[in-house]
Amino acid sequence: MKILLVGSGGREHALAWRLKKSQSCQKLYCAPGNAGIAEQAECVDIQVSEIDKIVEFARDKIIDLVVVGPENPLVDGLADKLRAENIPVFGPSKAAAQLEGSKGFMKDLVKKYNIPTAAYGRFTDLEEAKAFIHVTGAPIVVKTDGLAAGKGVIICNTKQQAEAAAEEMLSGAAFGDAGTEIVIEEFLEGEELSYFALADGKTILPLTSAQDHKRVGDGDTGPNTGGMGAYSPAHIMTEELEQEILDKIIQPTIDGMKAEGCPFTGVLFAGIMVCKGKPILLEHNVRFGDPECQTLMMRMDCDLAHILMMAAQGKLKDVQGHVNWSDDPALCVVMAAKGYPGDYEKNTLIQDIDKANEIEGVYVFHAGTKAGEDGKILSNGGRVLGVTAMGESIAQAQERAYKAVDLINWPEGFCRRDIAWRALKAKDEAA
Ligand code: AMP
Ligand code: GLY
């Protein structure tokens, strides 16, 4: 197969790395890619937002399968345009991408199909929002309906804070059009995990779990980010919990989407709060998580290109059991540019990634990098590297990942030093 991967982050580098190891992948292109992806794929200078150019490239090169990494082009209809040209695509239609593109759509769907989720209301009117906040009480969570690059969720400890958040969003001041409709919901207390499953419109193929670290600082402090690190599988996952997630959340979502006339093809990434042992859905995403994907791709053993093609063609039932997972956990430490998630510098020199890659079980995925002159690697974004390690235990994976981090020479970068702390703390307490 000739495959075109769309995206340029750490998630896409991990996908490129795994796709390139697939027997059925003959040639891999990536639009636009990054300096690391260039080792696995031929990078083409087309941006993720240039939907028509992506379609044109796929047509001209007679691409067999397009794999879409990020959500934005899906929400904007990339998969529909490819399907209209009979080009197989791994990723949902515009209608199905509403699961992530509109929190109100997602909440209404899961409510209709009795999927456990936090109690909520949808609002465009500030006075109605205030009345709901008043009745529900704090803590309470205010969310933009539309995509806001992971920043559109505000957890409010007081009613006043919630009213202010609602006002800022609805006025368009804080998030533009993404916030002129909002969802307000009950605050849930518990431990979070991410769960991933493939879907082909009707059949699911369960993948595995991971746990993300969204706050910028150690001990989960400071502002939210796209994710500063992850490990897989999540320490609270059990066979029983996984079955419950599949039966009560994943399959009913896929069945509901089909019944609504917008069947979902791609990867469904459920953000789940486990409250007193029961899984409750926080959000659906229509793509792999970043940096969760890096840990999944390290643990995965299968012909990924073939599996994604089968998903694109509605044939997942033929490949059940074809995806195997290493029992060894994987852990990813994100190295970001100092200042992230606020302002940061670009074009700073990163050295000695190759030394880090020599450590057993380690692979450094590139997220925001670009090639400079003479083979130099330069930073080109907020989250820049995903230093990922496997180990026989989560402790060993963590030790290897940080050993690799410490070999990388990048004075303008930083990382959290405590990725997987929940898993390690739980192990300590059990011992
Ligand atoms: P979301 O983008 O909906 O996943 O929200 C971002 C983060 O906000 C989640 O990962 C949770 O940590 C937190 N969050 C969202 N909704 C709730 C909720 N109802 N209760 C508690 N925390 C929440
Ligand atoms: N790491 C969280 C996300 O990809 O949304």
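Caption draft 1: Spotlight on helix α6 (residues 103-112). Taken as a whole, α6 has its buried residues at Lys103, Gly104, Met106, Lys107, Leu109 and Val110. At the C-terminal side of α6, Asn114 shows a positive phi close to 55°.

Caption draft 2: Layout of the site of ligand 1. Around ligand 1, the surrounding shell holds 14 residues, and the nearest of these are Glu185, Glu186, Leu188, Glu192 and Glu283. At 2.8 Å from a nitrogen atom of ligand 1 is found a main-chain nitrogen or oxygen belonging to Leu188. The separation between an oxygen atom of ligand 1 and a polar side-chain atom of Glu192 is 2.4 Å. When isolated, ligand 1 has an accessible area of 470 Å², and the protein chains bury 91% of it. At the level of elements, β7 (140-144), β8 (153-156), β9 (182-186) and β16 (278-285) are the ones that each hand at least two residues to the shell around ligand 1. Among the residues forming the shell around ligand 1, the class breakdown is 7 nonpolar, no polar and 7 charged.

Caption draft 3: Seen up close, the sheet that holds β8. Here we have 4 strands laid out as an open sheet, ordered β6-β9-β7-β8, and antiparallel in their pairing. Only two strands of the sheet have a single partner each, and these edge strands are β6 (120-123) and β8. On average, each strand axis in the sheet is inclined to that of its neighbour by 20°, with strand direction left out of account. One ladder, built from 4 bridges, connects β7 with β8; its direction is antiparallel. Residue pairing for β8: Lys143 is matched across the bridge by Val153. Running over the sheet, α6 touches β6, β7, β8 and β9 and is turned about 140° from β6.

Cut-off values and rules
- Residues numbered from 1 in each chain as written.
- Chains lettered and ligands numbered in written order.
- Predicted model: local features only at pLDDT ≥ 70, side-chain atom pairs only at ≥ 80, totals over all residues.
- Heavy atoms only, no water.
- Buried < 20%, exposed > 50% of the residue type's maximum accessible area, 1.4 Å probe, protein only.
- Helix = DSSP H or I, 4+ residues; strand = E, 2+ residues; numbered from the N terminus.
- Near = heavy atom within 4 Å.
- Polar contact = N/O pair within 3.5 Å; in protein donor to acceptor, adjacent residues only side chain to side chain.
- Areas by Shrake-Rupley, 256 points an atom, 1.4 Å probe, with all protein chains shown as cover.
- Nonpolar A, V, L, I, M, F, W, Y, C, P; charged D, E, K, R; others polar.
- Pairing = 2+ DSSP bridges.
- Axes fitted to C-alpha atoms, helices over the stretch in contact; angles between N-to-C directions.
- Contact = heavy atoms within 4.5 Å.

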